[in-house]
Amino acid sequence: MDEPAAKPRRQFLTVRDVTKRFQIGGTTVEALGRVNLSIDKGEFVCLIGASGCGKSTLLRIIAGFEQPTSGQVDLYEQPVTGPGSDRGMVFQDYALFPWMNVRDNISFGPRQKGMAKKYVAEITDEYLHMVGLEKFADRFPQQLSGGMKQRVAIARVLANECELLLMDEPFGALDAITRESLQLELLEIWARTGVTVIFVTHSVEEAVLLSDRVVVMTAGPGRVEADIAIDLERPREVSAIDFNQVRRDITQRLTSHVVRRDLKAVA
């Protein structure tokens, strides 16, 4: 007797021919031009490109905060039409509720869903522990360092049981030591939870350190210039020869189209 055929695996996230245009005064600005991208469940993908290339715009469209001018984003083959708890976004400026303490910020999502108090307490404690803030549970955002605030922001999104973690330059405003610490903590959280991560950064080193794939975007209108698999074993050492070879290759791709565009503009 023949065994039943396995069901085809559903694609996790697909961005299909997405464009985005804005009206600024009487001028139309094209931020994104026909972006195509597929991401598997559990992947860590970094988006990198020059300022103004549409990285953050693409992230907001995936989050459902903005609608594309044309094209479509699908999650599990269902179109994204607005925000949802299956997607969580972490911003550079933390976006915490200043009138809530750490515990209440983290538990906000589960409470809004009407979950049982016992479960809310359990999941809040779990993520407080995961980001190492148990001793600061009763502190308010203004009483925390920048690194602590970002840990709370990450825990708040994960406590809402999101499947896709969208991060818009989350470590950009932090000092180098705190940034390095949070990079390692984020990798640990990613490994423990299996959450899919799309991470916007301007740092090639950060992208190579963190990701499975680096997606290089062209200068505006943003398109996918290259989609590069990072075949380096973890943990990665930024001073290693193979690490720096990958970093040089990506830097060359990132800067070559900017130089071409600048020269063309001058001509």
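So, here is what we can say about the structure in this document.

Bringing the pairing of strand β8 (residues 196-201) into the picture now. Summarising burial for β8: 6 of the 6 residues are buried, a large majority. Burial of the side chains of β8 extends over both faces: T196, I198 and V200 are buried on one face and V197, F199 and T201 on the other. The sheet contact formed by strand β3 (residues 44-49) and β8 spans 5 bridges and is parallel. Paired with L47 across the strands is V200, a residue of β8.

Counting 52 residues, the largest nonpolar core has F44, L165, F199 and I250 as its most contacted members. The biggest single contributor to this core is helix α4 (residues 146-159), with 8 residues. Apart from residues lying up to four places away in sequence, F199 is in contact with F44, V45, C46, L47, M167, P170, F171, L186, E206 and L210.

The next subject is the sheet that holds β8. If you walk across this open sheet you meet the 6 strands as β6-β7-β8-β3-β9-β10, and the pairing is mixed. The sheet terminates laterally at β6 (87-90) and β10 (224-229), the two strands that pair on one side only. For this sheet the average axis-to-axis angle between neighbouring strands, irrespective of direction, equals 15°. Here β3 pairs with strand β9 (residues 213-217) via 5 bridges, running parallel.

The interhelical angle for the contact between α4 and helix α5 (residues 176-193), taken along N-to-C directions, is 20°, at an axis separation of 11 Å. Considering the angle they form, α4 stands roughly parallel to α5. For the crossing formed where α4 meets α5, the hand is right-handed. Here α4 contributes G147, Q150, R151, I154 and L158 to the contact with α5, which in turn contributes T178, S181, L182, E185 and I189. Split into classes, the residues belonging to the contact of α4 with α5 amount to 4 nonpolar, 4 polar and 2 charged.

It is at 9 Å that the axes of helix α2 (residues 102-112) and helix α3 (residues 117-130) come closest, and there the two elements cross at 130°. Classified by the angle their axes make, α2 and α3 are oblique. The crossing of α2 and α3 is right-handed. From α2, V102, R103, I106, S107, P110 and R111 reach across to α3, where they touch V120, I123, T124, D125, Y127 and L128. Class assignment of the residues belonging to the contact of α2 with α3 gives a composition of 7 nonpolar, 2 polar and 3 charged.

Rules used in this analysis
- Residues numbered from 1 in each chain as written.
- Predicted model: local features only at pLDDT ≥ 70, side-chain atom pairs only at ≥ 80, totals over all residues.
- Heavy atoms only, no water.
- Buried < 20%, exposed > 50% of the residue type's maximum accessible area, 1.4 Å probe, protein only.
- Helix = DSSP H or I, 4+ residues; strand = E, 2+ residues; numbered from the N terminus.
- Pairing = 2+ DSSP bridges.
- Core = buried A, V, L, I, M, F, W, Y, C linked by side-chain atoms within 4.5 Å.
- Contact = heavy atoms within 4.5 Å.
- Axes fitted to C-alpha atoms, helices over the stretch in contact; angles between N-to-C directions.
- Parallel < 35°, antiparallel > 145°, perpendicular 65-115°, else oblique.
- Left-handed = near helix turned anticlockwise from the far one by under 90°.
- Nonpolar A, V, L, I, M, F, W, Y, C, P; charged D, E, K, R; others polar.

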